[in-house]
Structure formats: C-alpha cells, structure tokens
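Below, each chain spelled out in residue letters.
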Amino acid sequence: MNCSECQPALSELVDGTLSRDARARLESHLEECADCRGLLADLRRIRESARALPKIAAPEAVWQKVRADFEAEAARDKRLTFPSPVTAAASMEARPSRVLRFVPTRRRILAGLAAAAVIVFAASAGVYFMTRPAPTASQVSSNPAHAEPAQVVESVEAELALADQHYEKAIAGLEKAAKDGQSALDPQVAAVLQKNIGVIDQAIVESRAALKSQPTSEVARSSLFEALQKKVGLLRDTIALINEMRKGDQAGTAKIAGSLGKG
Amino acid sequence: MSDIGIGDRELAARCLAGDREAFEGLYRQHAHRLYNLAYRMAGSTEADDLLQDVFLQAYRKLGSYKGESSLGTWLYRLAMNLCLDHLRSRQGKMALVTDSLDQEDAAPVVSQERPAEAHAARLDLEQAIEALPPSYRAAFVLHDVEGYQHDEVAKLLGIAEGSSKSLLHKARHRLRTLLGAEGRSE
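A.B. asks: An account of the overall build of chain B is requested, with residue identities and associated values reported.
C.D. replies: Across its full length, chain B holds eight helices and zero strands. Taken over 186 residues, chain B has a buried fraction of 53%. The contacts in chain B between residues at least 6 apart in sequence include a share of 71% that link residues at least 24 apart.

Structure below.
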C-alpha cells in the first residue's frame, strides 16, 4: 500500500469504520510512513476539536422575531387563536351575575339594532366596494382615456383611497359599538379579541407601508384589503358576541366564540 | 436521533391551527439544535436570520408534514436545506470559493505561529469551517460537530453514504490545509 492508496482510508480509520483487513493493511503502511502518521494525527485532532466546539444558545431576540412572523402568518391564514366555545360558555357560567346585569332593556335593544344596522350597512358598502374586481393596470391602460402611465397610477390611487375611506368609516363605527359594549364581555375574551385586533392592525400598518412604496402592486393592495376585511369581520363578530352575552344566550355565545376569527 | 415523538403530528396540527403556545413549544424544543446548525453552517452573523427563516418556512410547510420522521428530523432537514441554499446563494454572489473537488490549495486562515491557547484554536477552527465549500461544510458539521453517522448524514443531505464519507474526508483535508497544520505534525 502506498500513500495515495492509504490516505482516503485515514478518515475511516479515525472514525473506526474500517474493516479489520483494511485496517491491518493501513497500520502496516503507517508503521513505515511518517507523513501518513502525521496526517492521521492531524485528522484526529481536527475531529476532536470539532466535537469540542461549544454549543451556542439562540438569542431570545430571535424568538421575538419568530413570534411576530408566526402571528402575522396566522392572522393572514385566518387562524387566530380564540377561546374555545366551551371556554367561553364556561366563563359565562362562572359569572351569572355579570350576564344578568347586562340584560338589555327594550329601548337599548332597539337602539343597538339601529346602530348595528347602520354599521353593517357601512361595512357592507365597504366590502362590496372592495370585493368588486378592481381594474388592473392592463385593463386601465387599454382604455384610451387612461393611456398615460401617470394617469393609470393616479386613477388606481384615487380608487384605493376611496375604498380605504369606506373601510375606515365602517371600522370606526364598529369599533365604537364594540367599545361601548365591551364591558359585557368576559375580560379574558375581551383581552384575546383586543390582542387579535392588534395583530390585524399591525398587518394593516405594514400593508399600507408596502402599498405606499408600490402603489400599483396587486399583492400589496390585496394584502391591505384582506386585513381591512378581516378587521371588519372580527369587529362584527365581537358585536354579535356582546349582544348574545347581554341576552344571556350561552348557546349563541358559544357558537359565535367558536366561529370568531375563522372568517 | 430519529425517534418519532408521540405528539409530533398533534403538535404540527396545533401550530397550523394558529395555536401560539404550541408554536412556541415547537420553537423552544428545537431552536437550540437548529441554531447551532445555522451558526456552524452560515456563521455567527447570519445564524439569527437563518433561524428566523427556518421557523417561518416551517410554519408555511407544516401542512406537508405527515409524520414519516420525527418533527425534529423534519425541521433539521428543512434547516439544512435553507443553510445550503443560503450558502450557495452567497457563494454565487461572492464567487470566493468553489465547490470543486479538486481545489486543495486554499489559503491558510492561520499563521504558522498559531497561538497555542484552546480559545484561539477554536476560533481558528470556526473560521476554517466557514471557509469550506457548502457540501464539505455540511458533511463536516453534521458528522464531526453534530455527531451524526454517515447513514444519517446521507439521508439529511440526500446523497449516498459513500459520498458522505468522501465529502467528510475532503473536508478534513481542506481544514488541515486551512489550519496550516501540514508539515507540523509529530
């Protein structure tokens, strides 16, 4: 056995994976060859040093970023975590006096229904406005009246701004109604709802920033209106939940709590 | 290293359903090992971003996890693929090193008056590992640093066992050159 035949087997000798015959041949060569003995010693040292490398702990800051990613993705996938229907119903059972305290008067129900009708109308108008197919850049540019690129951008931006206003109006109304009735909610449920609204708000802020830098981006636009729609849906469900809790309807409460966030 | 945890599929399902506690449990259970892989494969400056990306991709791909292997193995393979993609992309951009099996003339990362202290030796080794081509580095990190056997390395990298042995051998030789150890043994 010469050096060039010997060297590929040295790593296996270091790892102890050579057959007995191959090992015997290799050791015979090593007795005569100082160069290969030197190489073997170096390979062993490298392996031992590698095994001795310290383990490094992941910085906690990475988890914060991973969590933010997860929450944004989960919100986008409509997979926000809400208390299970059982939890929501159980928390109501544990506080019967609270439910009774909020049994609404006839006048309050009528006022609430009227307010809700206005809000739902506003929200629906916003949803209708946004869910109708928006003109794509190519569609707009096929119209001679909008042939200039600058005009295309201007037109899209104007339409987006109008739609955004509709959403904001609907959301403002829903937020007010939800805030007014929030005391009827179990604190735990209210906290979860608030947290999820925070996640959606963050998505809205990020989408707006993306849209600002790329006004004609379909992806940025869809992302913004998806987040806005999600917020409208969540607020609407919140109001429905408040109404059911005020009525003391445990089955209705559990049903709504179970559907919250599934959008 | 391939024991399938009893609750792996359940844990994956809970994460997919948006359960943050479950996702944090997944992170806490595996982040340490994955971070070390990213740290050894990509270096300290990029390990944080890589670990973040591993978990983002994991969430997005959890739907494809069918429980054939443990969630830990599944994550590890995902992390290794991301590390290799990252290295190849960086290598393509920088064109500093090649993956040629013939290249044995790499410049040493240490001087001949290498300090004797263990700390300095460790830094030398870490620096030398970072100078290895991606495939050499992957085989070396998995086998010599993380302690995987060749059959496991082969599965993780999607190569034959013989290729794993060959890559490891070449990696050790390259490291010997990079560490300036040639001619100083015995």
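Next comes the rest of the write-up.
A.B. asks: Could you give me a rundown of the nonpolar core, with the residues and numbers involved?
C.D. replies: Soluble globular proteins tend to bury their nonpolar side chains together. Judged by nonpolar contacts, the single largest core of 65 residues is most densely connected at Phe23, Met41, Phe55, Phe140, Leu142 and Leu175 of chain B. A per-element tally of this core places helix H2 (residues 20-42) of chain B first, with 12 residues. In contact with phenylalanine 23 of chain B, other than residues within four places in its own chain, are Trp63, Val66 and Phe70 of chain A together with Cys15, Phe55 and Tyr59 of chain B. One finds Leu185, Leu193, Ala227 and Leu228 of chain A within the second-largest nonpolar core, a separate group that totals 25 residues.

A.B. asks: Report on the interface of chain B and chain A, specifying residues and quantitative values.
C.D. replies: In this complex, chain B contributes 47 residues to the contact, which on the side of chain A involves 41 residues. Seen at the junction of chain B and chain A, the total is seven salt bridges. A salt bridge links lysine 165 of chain B to glutamate 12 of chain A, with the nearest nitrogen and oxygen atoms 3.6 Å apart. Inspection of the chain B/chain A interface yields 13 residue pairs in polar contact (both at pLDDT 80 or more). Every element with two or more residues in the side of chain B that touches chain A is listed here: helix H1 (8-16), H2, helix H3 (44-61), helix H5 (118-130), helix H6 (134-145) and helix H8 (161-178) of chain B. Here the element with the most residues in the side of chain B that touches chain A is H2 of chain B; it accounts for 11 residues. Looking at the side of chain B that touches chain A residue by residue, the classes come out as 20 nonpolar, 10 polar and 17 charged.

A.B. asks: Give me the lowdown on the pattern of salt bridges, citing residues and values where you can.
C.D. replies: Tallying each qualifying case throughout the model produces 17 salt bridges over all chains. One salt bridge in this structure joins aspartate 15 of chain A and arginine 47 of chain A, with 2.8 Å as the shortest N-O distance. Residue aspartate 15 of chain A is located in helix H1 (residues 3-15), and its partner arginine 47 of chain A is located in helix H3 (residues 34-51); the two are separated by 32 residues in the primary sequence. On the basis of relative accessible area, aspartate 15 of chain A is assigned to the buried category, the value being 17%. Linking aspartate 42 of chain A and arginine 176 of chain B is a salt bridge whose minimum nitrogen-to-oxygen distance equals 2.6 Å. Here the residue aspartate 42 of chain A occupies a position in helix H3, and arginine 176 of chain B occupies one in helix H8, the pair thus bridging two chains. If you follow the salt bridges from partner to partner, you end up with Glu60 and Glu71 of chain A together with Arg20, Glu24 and Arg28 of chain B in one network.

A.B. asks: Explain the state of the cysteines residue by residue, including any values.
C.D. replies: Residues and elements named next belong to chain A. Taken as a whole and assessed by the stated rule, the structure comprises zero disulfides over all chains. Left unpaired, cysteine 33 is separated from the closest cysteine sulfur, that of cysteine 3, by 3.5 Å. Looking at cysteine 33, the relative accessible area reads 9%, which means it is buried.

A.B. asks: An account of the packing of aromatic side chains is requested, with residue identities and associated values reported.
C.D. replies: Centre distance and the angle of the planes are the two values used to describe a pair of aromatic rings. Tallying each qualifying case throughout the model produces nine aromatic pairs over all chains. Look at tryptophan 63 of chain A and tyrosine 27 of chain B: their rings are 4.9 Å apart centre to centre, the planes differ by 40°, and that puts the pair in the tilted class. Placement of tryptophan 63 of chain A in helix H4 (residues 60-76) and of tyrosine 27 of chain B in helix H2 is noted, with the two residues assigned to different chains. Like tyrosine 27 of chain B, tryptophan 63 of chain A is buried. Ring centres of phenylalanine 70 of chain A and phenylalanine 23 of chain B lie 4.3 Å apart, and the angle between their planes is 10°; on these two criteria the pair is classed as stacked. Note that phenylalanine 70 of chain A is positioned in helix H4 and phenylalanine 23 of chain B in helix H2, a pairing that runs across two chains. Comparing phenylalanine 70 of chain A with phenylalanine 23 of chain B, the two get one shared label, buried.

A.B. asks: Describe helix H7 (residues 150-157) of chain B, listing the residues and the values that go with them.
C.D. replies: Along H7 of chain B, the residues classified as buried are His150, Val153, Ala154, Leu156 and Leu157 of chain B. Around the axis of H7 of chain B, the buried residues are gathered within 165° of arc, so they sit on the same side.

A.B. asks: Describe the environment of cysteine 36 of chain A, with residues and values.
C.D. replies: Residue and element names in this part refer to chain A. With respect to the helices and strands, cysteine 36 occurs in helix H3. A C-alpha to C-alpha distance of 7.1 Å links cysteine 36 and glutamine 7, two positions 29 residues apart in sequence. Not counting the four nearest positions on each side in its chain, cysteine 36 is found in contact with Cys3, Cys6, Gln7, Leu10, His29 and Leu30.

A.B. asks: An account of the confidence of the model for chain A is requested, with residue identities and associated values reported.
C.D. replies: All names here are of chain A. Taken over all residues, the pLDDT of chain A has a mean of 69, while the share at 70 or more is 59%. Ranking the elements of chain A by mean pLDDT puts helix H6 (residues 96-101) last with 31 and H3 first with 93. In the predicted structure, residues 79-147 sits below a pLDDT of 50 and forms 90 contacts with residues beyond four places in sequence or in another chain.

A.B. asks: Describe H6 of chain B, with residues and values.
C.D. replies: At 3.6 residues per turn, the α-helix brings residues three or four places apart onto the same side. All names here are of chain B. Within H6, 12 of the 12 residues are buried, which leaves it mostly tucked inside the rest of the structure. Within H6, burial applies to Pro134, Ser135, Tyr136, Arg137, Ala138, Ala139, Phe140, Val141, Leu142, His143, Asp144 and Val145. Trailing H6 by a residue or two, glycine 147 shows a phi angle of about 85°, which is positive.

A.B. asks: Give a detailed account of the packing of H3 of chain A against H8 of chain B, specifying residues and quantitative values.
C.D. replies: For the pair H3 of chain A and H8 of chain B, interaxial distance at closest approach is 10 Å and the crossing angle is 95°. Judged by the angle between their axes, H3 of chain A and H8 of chain B are roughly perpendicular. The residues of H8 of chain B that touch H3 of chain A, namely those facing Gly38, Leu39, Asp42, Leu43, Ile46 and Arg47 of chain A, are Arg172, His173, Leu175 and Arg176 of chain B. Of the residues that constitute the contact of H3 of chain A with H8 of chain B, the class distribution is four nonpolar, two polar and four charged.

About the criteria used
- Residue numbers restart at each chain and count upward from 1, following the sequence in its written direction.
- Chain letters and ligand numbers both follow the written order, the letters beginning at A and the numbers at 1.
- Where local features are concerned, this predicted model is filtered to residues with pLDDT of at least 70; where side-chain atom pairs are given and counted, the filter is 80 or more; whole-chain, interface and lining totals use all residues.
- With hydrogens and water set aside, each side-chain value is computed from the structure's full complement of heavy atoms.
- Secondary structure elements are taken from DSSP: a helix is a run of H or I of four residues or more, a strand is a run of E of two residues or more, and numbering for both begins at the N terminus.
- Burial classification: accessible surface area is computed with a 1.4 Å probe over protein chains only, and a residue below 20% of its type maximum counts as buried, one above 50% as exposed, and the rest as partly exposed.
- The contact rule is simple, with two residues in contact once any of their heavy atoms fall within 4.5 Å.
- Buried residues of nine kinds, namely Ala, Val, Leu, Ile, Met, Phe, Trp, Tyr and Cys, make up a nonpolar core once their side-chain atoms join them within 4.5 Å.
- Salt bridges are counted wherever a side-chain nitrogen of Lys or Arg sits within 4 Å of a carboxyl oxygen of Asp or Glu.
- For this analysis, a polar contact is any N or O atom pair within 3.5 Å, provided that within protein one partner can donate a hydrogen and the other can accept it, and provided that sequence-adjacent residues contribute only side-chain to side-chain pairs.
- When residues are sorted by character, Ala, Val, Leu, Ile, Met, Phe, Trp, Tyr, Cys and Pro go into the nonpolar class, Asp, Glu, Lys and Arg into the charged class, and all the rest, Gly among them, into the polar class.
- Cysteine sulfur atoms are paired as a disulfide whenever they come within 2.5 Å of each other.
- Note on aromatic pairs: the rings of Phe, Tyr and Trp (six-membered ring only in Trp) are paired at centre separations within 6.5 Å, and the planes decide the class, stacked below 30 degrees, edge-to-face beyond 60, tilted for the rest.
- To be clear, the arc concerns the directions from the helix axis to the C-beta atoms.
- The quantity known as pLDDT measures the predictor's confidence residue by residue, on a range of 0 to 100.
- Axes here mean lines fitted to C-alpha atoms, for a helix over just the part in contact, with angles spanning 0 to 180 degrees between N-to-C directions.
- Roughly parallel means an angle under 35 degrees; roughly antiparallel means over 145; roughly perpendicular covers 65 to 115; every other angle is labelled oblique.

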